[in-house]
Amino acid sequence: MYRSSVRSFIGGPGLTPADLAMVFLMREDDDTRPRPMPTLTVREVPAAVRALASLGVHSVKIFAGSRVRDAHATQGMSPISLMARSISAAKKAAPGVLVMTETCVCSHNDSGECWLADERGDVDLAATIKVLAAQAVMQAAAGADIVGPAAMIPRSVRAVRQALDAAGHKGVGIMPHLIFESSLYEGYRASMGAVPRSGTRAFQIAPGRSEQAVHVAREMVDEGADMILTEPALHTVDTLVHLKDKIPVPLVPFSVSGEYLRLTDQRADGGRDVRGLLEAYTVLKRAGAGRIITYGALELAREISAS
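Residues numbered from 1 in each chain as written. Predicted model: local features only at pLDDT ≥ 70, side-chain atom pairs only at ≥ 80, totals over all residues. Heavy atoms only, no water.

Caption draft 1: Quick look at helix 2 (residues 45–54). For helix 2, every residue scored as buried is listed here: Val-45, Pro-46, Ala-48, Val-49 and Leu-52. Angular distribution of buried residues about the axis of helix 2 spans 165°; they occupy a single face of the element. At its buried positions, helix 2 is contacted by strand 1 (20–25), strand 2 (59–63), helix 3 (82–93) and helix 11 (297–306). Two residues or fewer after helix 2 comes Gly-56, characterised by a positive phi angle close to 95°. (Buried < 20%, exposed > 50% of the residue type's maximum accessible area, 1.4 Å probe, protein only. Helix = DSSP H or I, 4+ residues; strand = E, 2+ residues; numbered from the N terminus. Arc of directions from axis to C-beta. Contact = heavy atoms within 4.5 Å.)

Caption draft 2: Fine view of the pattern of salt bridges. For the structure on display, the rule yields 15 salt bridges. Across the pair Asp-30 and Arg-67 runs a salt bridge, and its minimum N-O distance is 2.5 Å. With a gap of 37 residues between them, Asp-30 in the loop between strand 1 and helix 2 and Arg-67 in the loop between strand 2 and helix 3 connect regions that are remote in the sequence. Like Asp-30, the residue Arg-67 is exposed in the burial classification. (Salt bridge = Lys/Arg side-chain N within 4 Å of Asp/Glu carboxyl O.)

Caption draft 3: Expanded view of unusual backbone geometry. Backbone torsion omega between Glu-231 and Pro-232 reads -5°, so that peptide bond is classified as cis. Looking at the element boundaries, Pro-232 is found in the loop between strand 7 (228–231) and helix 8 (237–244). Notably, Met-152 is not glycine yet its phi reads approximately 60°, a positive angle. Take Met-152: it is sitting in the loop between strand 4 (146–147) and helix 5 (156–166).

Caption draft 4: Local environment of the layout of surface pockets. Each pocket or cavity is described by its volume, and for the largest pocket that value is around 280 Å³. Taken together, 14 residues make up the lining of the largest pocket; nearest its centre are Met-22, Val-23, Pro-38, Tyr-295 and Leu-298. For the lining of the largest pocket, the elements supplying multiple residues, two or more each, are strand 1, helix 2 and helix 11. When grouped by side-chain class, the residues that make up the lining of the largest pocket number 11 nonpolar, one polar and two charged. Around the second largest pocket, the lining comprises 16 residues; the ones closest to its centre are Met-152, Ile-153, Pro-154, Val-216 and Glu-219. A total of five residues in the lining of the second largest pocket trace back to one element, the largest contributor, which is helix 7 (residues 210–223). Tallied by class, residues from the lining of the second largest pocket come to 11 nonpolar, two polar and three charged. (1 Å grid on protein atoms, 1.4 Å probe; cavity = no way out; pocket = protein on both sides within 12 Å on 5 of 7 lines; lining within 4 Å. Points joined across faces, edges and corners; volume = space filled by probe spheres on them. Nonpolar A, V, L, I, M, F, W, Y, C, P; charged D, E, K, R; others polar.)

Given below as structure tokens:
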């Protein structure tokens, strides 16, 4: 039996706060509806960002919807939207913190779908791609460092890259979402009002189709992706291993709402015991994760600092 110091020495690199990015689910100040997942107001962003930075977490991923929604996801492109105000608040509070966004229409579209519909109610790819590109430019103008096309729409990454470059945002990165179908998104969907009217996400990958995930990831890179987000994180460990040697960009798993809720326990003080997440994310790092996006970043950073 080795001493603990010897085990630590030969145990390999562990998880650090710098490996983590915190999820911010945003709400308006006067929106007090109960939600399954924790949410923030713009007013609360500066303190949250500074608390994370003090513990060594230097990146956040922001999700923000629109109170007023229509069939064209119009508010998602507004420079005074909740997303724009949230990005600006984070960057002003801590300019060195990296801000990532979700770029999608599901929380701005009155149908809750990740795509816009044509006159027949079918997917209008051209209209959806145009709106996603406009959203990305707005987010970059507000201060986002990395935008995240999340609709899994073919050719959307290329359109976002072209739009960013044309608007003078060549230094802004693109991290599209590579998403497997899962029931683990329900907490997020309920919190953000992003439940699709159809009941399904048309472009997400069936859990058994790992070969499709590799194909889609390669297409994303060919279109200009600078990194790839994979979700749900623990359902994509094999995909991380496969992709690590097949694409030349970093891989960033997103530990989604269901993983956070199921792998943590409520403590007596109201906080959550995140030791299960710590173990799981160590596996993700071992599998090739460049960073890990999680709702538990703050609690994990505290746990790591105390150990």
